[in-house]
Amino acid sequence: MKGIYLILISLSSLFAFSQSNPCKIQLDSTQVVEIARKNKAYWDNNPVFQPSIKFEQKACEWQVISIKTKHTNKGDCKNTNGCTEITTLTLFIDDATKKVKGKQKDVKLMPNYE
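Keep in mind it's a predicted model, so treat the numbers as computed, not measured.

A. Quick peek at the nonpolar core. Among the nonpolar cores identified, the biggest contains 16 residues, and Leu27, Val32, Trp62, Val64, Leu91 and Ile93 are the most heavily contacted of them. Of all the secondary-structure elements, those providing two or more residues to this core are helix H2 (29–38), strand E2 (61–72) and strand E3 (83–94). The dominant element in this core, judged by the number of residues it contributes, is H2, at four residues. Beyond its immediate chain neighbours, meaning those up to four positions away, Ile93 contacts Leu27, Val32, Ile35, Glu61, Trp62, Val64, Lys98, Lys99, Val100 and Lys101.

B. Here's a closer look at the pattern of salt bridges. Enumeration over the complete set of coordinates arrives at four salt bridges. Between Lys101 and Glu61 there is a salt bridge; the shortest N-O distance is 3.0 Å. With Lys101 in strand E4 (residues 100–111) and Glu61 in strand E2, this pair connects stretches of sequence that are 40 residues apart. Between Glu85 and Lys70 there is a salt bridge whose closest N-O contact spans 4.0 Å. Remark: Lys70 occurs in strand E2 and Glu85 occurs in strand E3; sequence separation between them is 15 residues. Judged by relative accessible area, Lys70 falls into the partly exposed class, the value being 48%.

Conventions we followed
- Residues numbered from 1 in each chain as written.
- Predicted model: local features only at pLDDT ≥ 70, side-chain atom pairs only at ≥ 80, totals over all residues.
- Heavy atoms only, no water.
- Core = buried A, V, L, I, M, F, W, Y, C linked by side-chain atoms within 4.5 Å.
- Buried < 20%, exposed > 50% of the residue type's maximum accessible area, 1.4 Å probe, protein only.
- Helix = DSSP H or I, 4+ residues; strand = E, 2+ residues; numbered from the N terminus.
- Contact = heavy atoms within 4.5 Å.
- Salt bridge = Lys/Arg side-chain N within 4 Å of Asp/Glu carboxyl O.

Dropping the structure here:
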């Protein structure tokens with residue numbers, strides 16, 4: 001009976017340790033900002049939307065999210081009061097290799113109906 005308890009305790013501790021993430025943070029936020037600026041993905045000239053930096057523990061990566069807006073009258077926007085173009089750029093930086101894993105750019109047009 002004691003052998004069964006020892007087996008159950010050892011199995012439960014094995015499962016508890018296997019769920020921990022071995023990722024250790026090697027970069028700090030200033031190094032991440034420097035890498036993002038080198039890749040022209042840190043847009044800090046807009047006072048409304050400051051870039052955000054966050055660390056994803058599961059993927060062991062940094063994410064830099066920059067947003068900028070501008071007014072446009074192109075395409076269907078010329079029939080309204082124009083449009084506001086919202087551009088979002090997300091930069092993914094691998095913490096272990098300190099290299100850029102990828103970029104994701106999203107552009108949305110919001111019509112101005114005023």
